[in-house]
Structures are given as structure tokens and as C-alpha cells.
Amino acid sequence: GGRRTYLLFASKGQINFVTPSLPPGESAMVEVVSNCGQPDEIRSNAVMLQVVSAAPEFFLAARNGTNKNHAIVLDTETLTPRTVVHPGEEVTLYLGGLGALRNGLAPGLVGGGADSTLLPVSVLLGGTPLSSGNVLYCGSSGYAGLYQLNLRLPATLPNGDVPIEVTIGGASTASGVYLSVSPK
């Protein structure tokens, strides 16, 4: 009797799906079904999950020679991921779990273009709040479940691994995520 959802990706150890619109504060039973409606249908054990308005997390990459997690940044010239940033530059970071969008997407819609997050976002760099004027965009990347955060980094950002934390709707990313800063 539950609601079916839209699969984006499935492998032996991971399933990515679009969650239906559910109100925060409620619980949802999640069950994976393969071969739906067939005689050999298989159901997983059901798991009860708490629905929250946001649960932000960065998409991460390990840097060579370090075991620290670094936020993935899009290189806008080559359109490839990188982990090194420079003081004063504008960067695009990728996250999941930023919650509802202002204009919303119908359940199952995979694209949608630019649409900012409904909840306010704040950023800490090295423990210091980034001014709201330097948060250029926070919202849809055009792909379901993949959000982008565009920032203008302070020109005074120190070199080295600088901790970054994003808070949206009272929920924060995990600690231990860094931007690797080097001079231009």
C-alpha cells in the first residue's frame, strides 16, 4: 500500500531514488521491491525513516596524499571536477539533501533548470561566517537530488585545507570537509 518512487540508479550496494513529497516531522516506511508485480517479486525488510526538511551533505573527493575529505568543485573552464580553489574566485560546490525548492518539482521530474532552495542557507569557511552577499546561488543543478552552491570566496582566505560547513533549515553538513586553498 505505499507510494512508488522513481529510480535514478541502482547497484549491488547503492540505490538512488527521488523521494515523493512528504511533510517534515513524519515517519516514512521504506522498502525496496524488485520485479514489481511479477510472480518472483522480492521485497526487502522495511525500514522506518524520519522525514526532515533538509539533511545536507557534500559530494566528496579524496586528495592524493591526504585522508581528508575535500568538497568537489566544478572547474568552469574545463567542466571537470577539482578539489583546489583560490582566494577571491567564484566556485560551484555540489551537495545533496538541501530540501525543497522555491518553485518545486513534480515527483519524478528529473530536470528542471535553476530553482533556488526554499530554506535559507549559511556557510562557514574556517569557522568564519561567509557573508550572504558571497552566497551567489543555492538550488537545483538541473538534476533531481543534486544541488549546487555557488560561492565567491574571500580574497583573504588562507592557504591550506580550510574547513567548510553549510547549514540549511537548521541542519548542517558533517564536520571534517575541506576546501584546499592555494594561491593563484
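The following refers to the structure shown. (Residues numbered from 1 in each chain as written. Predicted model: local features only at pLDDT ≥ 70, side-chain atom pairs only at ≥ 80, totals over all residues. Heavy atoms only, no water.)

### Structural notes on the overall build of the protein
Reasoning step 1: The secondary structure content of the protein amounts to zero helices and 20 strands.
Reasoning step 2: Counting only residues that meet the buried cut, the protein has 31% of its 184 residues in that class.
Reasoning step 3: Restricting the contact set of the protein to residue pairs at least 6 apart, pairs at least 24 apart contribute 52%.
Reasoning step 4: Carbon and sulfur atoms form 54% of the exposed surface of the protein, whose accessible area is close to 10900 Å².
Reasoning step 5: Within the protein, one finds 10 positive and 12 negative side-chain charges whose respective centroids are separated by 1 Å. (Helix = DSSP H or I, 4+ residues; strand = E, 2+ residues; numbered from the N terminus. Buried < 20%, exposed > 50% of the residue type's maximum accessible area, 1.4 Å probe, protein only. Contact = heavy atoms within 4.5 Å. Areas by Shrake-Rupley, 256 points an atom, 1.4 Å probe, with all protein chains shown as cover. Lys, Arg positive; Asp, Glu negative; His and termini not counted. Charge placed at Lys NZ, Arg CZ, Asp CG, Glu CD.)

### Remarks on the environment of Lys184
Reasoning step 1: For Lys184, the location among the structural elements is in the segment after β20 (177-181).
Reasoning step 2: Once the C-alpha coordinates of Lys184 and Val33 are considered, the two residues, 151 residues apart in sequence, prove to be 51 Å apart.
Reasoning step 3: Not counting the four nearest positions on each side in its chain, Lys184 is found in contact with His86, Pro87 and Glu89.

### Concerning the nonpolar core
Reasoning step 1: If you look at the biggest cluster of nonpolar residues, it comprises 27 residues, and the most contacted ones within it are Leu93, Val123, Leu125, Leu149, Leu151, Ile164 and Leu179.
Reasoning step 2: Going through the elements one at a time, β13 (90-96), β14 (121-125), β16 (135-143), β17 (146-152), β18 (160-168) and β20 are the ones with two or more residues in this core.
Reasoning step 3: When residues of this core are assigned to their parent elements, the largest contribution, four residues, is made by β18. (Core = buried A, V, L, I, M, F, W, Y, C linked by side-chain atoms within 4.5 Å.)

### What to know about the pattern of salt bridges
Reasoning step 1: Per the stated rule, a full pass over the model turns up three salt bridges.
Reasoning step 2: A salt bridge links Arg43 to Glu31; the nearest nitrogen and oxygen atoms lie 2.8 Å apart. You can see Arg43 sitting in strand β5 (residues 42-43) and its partner Glu31 sitting in the loop between β3 (27-30) and β4 (33-34), a full twelve residues away along the chain.
Reasoning step 3: Residue Glu31 is classed as partly exposed on the basis of its relative accessible area of 36%. (Salt bridge = Lys/Arg side-chain N within 4 Å of Asp/Glu carboxyl O.)

Function cannot be read off these values alone, since they describe shape.
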